[in-house]
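# Architecture and fold: a report
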Amino acid sequence: MRELIVGQHIVGKETDSKSLVLVPTARYLCVHLPHWAITRRLRRRPELLDKPVVVVETVRRGGGGGGGGGGRVDVVDGSPAAMKAGVGPGMSLAEGRAICPGLLVLERQAEKDRLALEALGRWMTRFTPFVATGWPVEKGDKGTLHRPMPLLLNVAGCERFFGSMEIIVREVRAALKRFGLPARVAVAPTPGAAWALAWSGKRSGRIVGADELAEAVAGLPVEALRLCGEIVASLRNLGLRTIGQVMALPRETLPSRFGEALLRRLDEVLGARADLLLPLGYEVPVEARLEMDGAVESLEVLWLVLQELVGRVVTDLERRCEGARRLELICKSDPADGLPPVVRTVALSRPSRDGRRLIELLRCATEKLDCGKGFVDVRLKVPLHERMTAEQMCLLESEVQADQNGFEQLMDRLTVRLGAENVVCPVAVASYIPERAWRGAGFHERNEGVGQGGFATAIARPTVLLKTPAEVRVVAEPSDDREGRPAQMTYMGRVHRLAHVLGPERLAGEWWRGHGKVRDYYDALDETGRRFWLFRVVTQQEESVSVRWFLHGMFL
Amino acid sequence: MPESAHEKLYTGALAEPPTSVAPCEPGYAELDVTSNYSFLRGASHPDELVYQAAVLGYRAMALTDINSLAGVVRAYEAARKVAGFKLIVGARVVFVDGTPDLLVWPEDREAYTRLCRLLTRGRRRAPKGECQLTLEDFLEYSEGQWTGLCLPADAPAIGPLYEALGGRLSLAVNLSLTGDDHDRLETAMALSRQTGVPLLATNHVHYHDPSRRTLQDVLTCTRHGCTIHEAGYRLFANAERYLKTPEQMHRLFEAYPKAIARGLEVAAACRFSLADLKYEYPTEAVPKGVLPSAHLRELTYIGARERYPDGVSAKVTALLEKELKFICGSKYESYFLTVHDLVREARSRGILCQGRGSAANSAVCYCLGVTSVDPEKFQLVFERFASEARSEPPDIDIDFEHERREEIIQYVYARYGRTHAGMTASLITYRGRSAVRDVGKAMGLSGDLLDQLADKLDWWHKGTLTASHLAEAGVDPADPMIRRVLEVTAEVLGFPRHLSQHVGGMVIARSPLCDLVPIENASMADRTVIEWDKDDLDVIGLFKVDMLALGMLTAISKGMAYINASPGAEGRKLELHTIPAEDPAVYDMASDADTVGVFQIESRAQMSMLPRLQPRRFYDLVIEVAIVRPGPIQGKMVHPYLERRQRLRADPSYQVPFPSDELREVLKETLGVPLFQEQAMRLAIVAAGFTPTEADALRRAMAAWKRHGGLAKFHDKFVNGMLGRGYQPDFAEQCFQQISGFGEYGFPESHAASFAKLVYASAWIKRHHPAAFAACLLNSQPMGFYAPAQLVRDAREHGVTVRPVDVNASEWDCTLEYDTGCAAAEGREKRRWGVGGPALRLGFRQVKGMRQTDAERIVSARRSAGVFESLADMQESAQLETGTLDRLARADAFASMGLSRRPASWEALALSNKPLPLWDGRGEPDGPKVALPVMPPADEVLADYATAGLSLKRHPVSFARQDLGREKVITAAALQEARRFPHGAKVSVAGLVLVRQRPGTASGVVFITLEDETGVVNIIAWAAIYERYRRVARHATLLQVTGTVQRDGQVIHVLARRMFDRTAMIPGVLQASRDFH
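Cut-off values and rules
- Residues numbered from 1 in each chain as written.
- Chains lettered and ligands numbered in written order.
- Predicted model: local features only at pLDDT ≥ 70, side-chain atom pairs only at ≥ 80, totals over all residues.
- Heavy atoms only, no water.
- pLDDT = per-residue confidence, 0-100.
- Helix = DSSP H or I, 4+ residues; strand = E, 2+ residues; numbered from the N terminus.
- Contact = heavy atoms within 4.5 Å.
- Core = buried A, V, L, I, M, F, W, Y, C linked by side-chain atoms within 4.5 Å.
- Buried < 20%, exposed > 50% of the residue type's maximum accessible area, 1.4 Å probe, protein only.
- Patch = residues over 30% accessible without salt bridge, like charges linked within 9 Å, V, L, I, M, F, W, Y side chains within 5 Å.
- Areas by Shrake-Rupley, 256 points an atom, 1.4 Å probe, with all protein chains shown as cover.
- Salt bridge = Lys/Arg side-chain N within 4 Å of Asp/Glu carboxyl O.
- Buried area = accessible area lost by both parts, 1.4 Å probe.
- Pairing = 2+ DSSP bridges.
- Axes fitted to C-alpha atoms, helices over the stretch in contact; angles between N-to-C directions.
- Parallel < 35°, antiparallel > 145°, perpendicular 65-115°, else oblique.
- Left-handed = near helix turned anticlockwise from the far one by under 90°.

It is worth spelling out the confidence of the model for chain B at this point. Residues and elements named next belong to chain B. When pLDDT is averaged along chain B, the result is 83, and 88% of the positions lie at 70 or above. Confidence, expressed as mean pLDDT per element, reaches its minimum in chain B at helix H1 (residues 5–8) with 33 and its maximum at strand E4 (residues 102–106) with 96. Every residue in residues 1–14 is under pLDDT 50, and counting partners more than four places away or in other chains gives 33 contacts. For residues 914–926, every residue scores under 50 in pLDDT, and the model assigns this stretch 14 contacts once sequence neighbours within four places are set aside.

The subject of this paragraph is the nonpolar core. Residues and elements named next belong to chain B. If you look at the biggest cluster of nonpolar residues, it comprises 134 residues, and the most contacted ones within it are Phe85, Phe253, Leu274, Phe336, Ile396 and Trp532. Looking at this core element by element, the count peaks at seven residues for helix H14 (residues 333–348). The next biggest cluster of nonpolar side chains, apart from the first, holds 127 residues, and it includes Val598, Tyr654, Ala756 and Val759.

This part takes up a nonpolar patch on the surface. Side chains of Phe407(A), Leu410(A), Leu414(A) and Leu418(A) sit close together on the surface and give an oily, nonpolar patch of about 330 Å² of accessible area. The topology assignment puts Leu414(A) in helix H15 (residues 398–418).

Many analyses report the size of an interface as the accessible area lost when the parts associate. Taken together, the contact between chain B and chain A spans 49 residues of the former and 61 residues of the latter. Around 5,000 Å² of area is buried between chain B and chain A when both sides are counted, 58% of it from carbon and sulfur atoms. Counting the contacts that link chain B with chain A gives two salt bridges. With its nearest N and O atoms 3.5 Å apart, the salt bridge here joins Asp939(B) to Arg241(A).

This part takes up the sheet that holds strand E1 (residues 29–30) of chain B. Residue and element names in this part refer to chain B. Across the sheet, seven strands lie side by side as E1-E2-E3-E4-E5-E6-E7; this open sheet has mixed pairing. Only two strands of the sheet have a single neighbouring strand rather than two, namely E1 and strand E7 (199–202). Pairing geometry for strand E5 (residues 145–150) and strand E6 (residues 169–174), over four bridges, is parallel. Residue Thr147 lies in a different strand from E6, and its bridge partner there is Leu169. Along the sheet face, helix H4 (residues 109–124) touches strand E2 (60–66), strand E3 (86–93), E4 and E5 and points at about 30 degrees away from the line of E3. Across the face of the sheet, helix H6 (residues 155–165) comes into contact with E4, E5 and E6 while running at roughly 130 degrees to E6.

Looking now at the packing of helix H18 (residues 432–442) of chain B against helix H22 (residues 480–492) of chain B. Residue and element names in this part refer to chain B. Two elements in contact, H18 and H22, have axes whose closest approach is 9 Å; the angle formed by their N-to-C orientations is 130 degrees. Regarding the angle of H18 to H22, the classification is oblique. As H18 packs across H22, the resulting crossing turns out to be right-handed. From H18, Ala435, Val436, Val439 and Gly440 reach across to H22, where they touch Val485, Val488, Thr489 and Val492.

Take a look at the structure:
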């Protein structure tokens, strides 16, 4: 008997009768998490655990984004209480609400679901280095919406480390139980079969060997082939409920009726065709670390250490063609001292792997560091690193560019020195209320907000805005309705006769914030040429009317 | 109409609208006012603006909505009530070519016409709701238009306008305290000096009172689709755009008072008022050289001779003369002639139609063929029309076959022209849910919270939205944001949101319609709509005819066509008025409540009334139609009537008691109980001494009191009037209570009679041609009360053989097959009228998802190629997609080829229209034979239901009968046995849920109709029970109800106590894929 390697994990055996029998030797463990979408959310909101909660997804109608809005909201998953009330996947939200009026609704977060699943998958790498998260979602198949992604572990050969396959299964299940994740687990020679068993099996933890594969799969419903809803409906319509019934049909009759997907899936499940799975990759973090016998007790020595660490990080970044956007320095003292580690973070305006510059920034960040009892463990992490685009230098613009770079470097340094909250850029905000018309954005986020609002009017705004308007005494021109212009102002003990006054510009309060007062702004020039921005507020309380004046800014 | 819809919603700051205006000094006229008819811009109703302007003593106010005159009638109506107030009709014309906005105030009727034409042109060229105009368009229509050019603008832009308008042009400038007012005024003055065009002061008004700023901001957010927090500079900076006092305006323009004087000058020059509009009836229906009155008289008498072949009686002649005199005196001849023209056209095309309404309530209309209600037999109350006609134009509604109404609408467009005819608009206003949604969205509430709030609006409308309701919805009632949302929502209720088209109102005019009102495109193809709704039309006095669609007319028309085409019917042609009258067999059937599918009397309430009423003549049907209505039910008129009727039946000598002889005349037909609106009016005239005009006022109040009361002032007059004539106080009170009960729901007798005509016609077809009846109803779906399954079942119960859909026999419509006739049939013996008649073949239209074009292709292929022998054969000759074949296979339509569902489906799938290169499945007959699992009978039945909505094989419930029997669940047939299940007995019944309804009149009661293999059971569930079993009641396919029997004569209900989901008892149902997760 000869063995042939046929597919990825498949071995063909040539038997005496010269026919080739394919025997998959791989073992896949499938973790099917039927309520991943809701479980993940409820873990964060334990107060909702016993409430009827559903996760929903809005299915755009017609596609192509035309017509805007509209669309069906589908229930993707329901909490145990919701399921008990009869609300579950595949229903529309409206239908669910009709059954269970007090339903609480969460929007599906597909990306977060995926990331959390990957995290769980990484945790599972303790059983095998090969962990994959299911198959890619197929476009246009509504069924996949309600088919949560599984974890697939290739555990072939791993039983040697754990004792037996049963023990692996038991440990996986125990771990899932510990995490409070409802799950069903199955082991089979192909990923498709493992999933089919885990998904449709009544009993969790089943282990199916190669010789019993066909038999075990035959009894499963056709849905377990991961086919799109139309094909499943078509099969069911013909009375074909189990995979076995489909297997019994002549192969050549299938593709013309159900497309090639059915045969492909059938072959994959039975191991006659390799199934493509992409294992979770492991990204090596960019970091460097030095542990020392003696404690580093002075800044000078620490900076030498930093030099070494930066050198290593830069080499790593060079290899990746990337630059650092954020550095994190963690210095630990001897554990016996019981001191908390010192952490410093440095942000950069643009990716860099210029060693000198990085050291300089780190030095700025550690300038006032108290070395205390000294550090024995210094670690430099680069939690945020980005691809560095090759920059083309133009002959004439190089100076401009150098200036720009210089400015950004300065800002980086200032930010490190003074703290991110103290280095801000003003960004326009669309509001009529002057003190709301801007906000201070951190240097690194400044690009996001700029230009959104612009300014309201062509009317000049003062160059200096007082932090809080200062109440001033004003003599106004006589008027019936208290709308007279200001004629004279007393500010900080000095009397300004207002020779030239423009206005009023009437700005009503933002009622939706509960501010109803109206301000009349005047742009006023005094006899000496000083220009003020002042406003009047009229408050009416029953019969009494009070008029107050405030100085809000100066034109310099 | 003195009281129109929007006035009821008037929520302005003024509790009492002013009745006159005293222009103050110094004077002011506001010429730039945007009302809420500039949708999502203005924040006040036109009448609020008018009243406020009057209170402030304005000389005049112009309404200038954006490219629209939609609000001018409302403003005009308000202005009419304020003596001495001048309303100027105008529009703000916004261009697409960059020209600054123009405020246009037409000087006279001719200029107004030009403005209408301008707006019509802009709107006809743009999609619904939009307007596309260029400066060139305006210049073409600029004659006689006083115009304000909105700044900023520059001298070159003014040039062409000045050339066209000369002294009528002004520069409109507004100072809204934006800080640069001084500069703007200076710039404007400079421009004015440079060009010689005078400045005109406005305030660019958006609301009548500054307190509306909040609402205006919210509307702005809705318009931009943003929240208030994101809105930023899209909002106005302040609340200055309100109607200021003239003193304020003068102070604002202190630097240039001439601008204000210019406004007064322009206002004085604009002489046009909507009162100048003269509407004239179309004349197309009158031949040249003939007087309309003579033509109407001629047509009437020709019609009369047709209607009464044996001679016109003196009574009818007298009626006709009286009516003709009135009609001609009021100059309404053309109206009647136009209606006649539409009816004649419909007749000539074979479209069934029938008129209704107060004006239709006449002998003239009967003779013109507009109605089928014979004045010989009915007491027609022409007074109602006559009295109405003094204040508003006549009103006739015509029902057409619903599938062919569009033909007549297009006929009107073709005959009178798009410029002369248009659909009436229907103003869509903010109602509870839409209001809270838009407001909440603008205020940034989450969609979820909005849903919850919208759900609670029911309480709000009852005026009792309490903190606990809010808390229940998960909303914090103390949250200021929520409070603001609710405040703004309350304000926005009743605001116009957009214009839609009226269901069937058509306006036709002699002069071009676009001279009266702008016309715009509807969202529906080939429809054009005017900007005014029906209340506006009444104010202006425009002629409107309602062309409505009625499904039953389609069905009757088809039914008569089948009967006329049947083999035995050569030569005899059945028409609506030649259907044999007063056929006892028809009344027998109706008295048994065997009326599934019959017009009007098929509903559950009607069916429970029929056995008690025992109709024996046509008038009984008229009463039946009118009595089962919310009005009479709430007026407590049903029981007295039934009681007297039953007495009379038991003892023919029974004398119905009448309080007086004069009332005997009024009420004798309805046994002393007022059932019709006409009777209420006559009662008021005869017994309470009302004049006909007062009686008409009473009718209006009756129609509207639900919404804003107003009946009280009639109460005393009515009761005192009756007491004065010697009636008992109790009786007077009772009469008044009954009259108030009519509300909006009272049925006029003529209306009921028109409907009863259709009741009789459909009942007659059902009784004598049950197969044709079933076919015509099935082919007119969707309509009526019952689904195809019930109609088919009913036909089979009456002895009709129903044959399934088959590719070798069916057409798109259901058809009648005369080959063998109905020999054997199931059903109750005594009602097997269909035996011996044709069989009913279901059409492809019963197959869900089937397209008519595909069906037609199959039929024509079959005609040319003969019977299909295989699927491949059929696909080739009919060129069908595989999907269609599979759909037909799933619907079991290949029985004639000897293929049941699954084998047919298997073959259909193989005939893939896109064969894969290597797997070409064509020519499969040689392919391997495949044994597919045989479909169990229950699955077959369920598949029938899934694909066609009905099954001819077995009833699904029959599969569960054994299990149900074990649970002591009885059948619908067994429930009929009064001895076994007397009133009050405890029973369990089960069936498929046919109907679940919660009528508005029955507070909190849910009616459920269950169907099992023997018949239907009517369930009543109190709200509390329904709520408890809500999930079961909504989702069970097979629902079991346990409760007590309620018997009232032949009428049986089960009062539900508990409900169970028994779906699992039907094998196969639960094996759906949903269970795997």
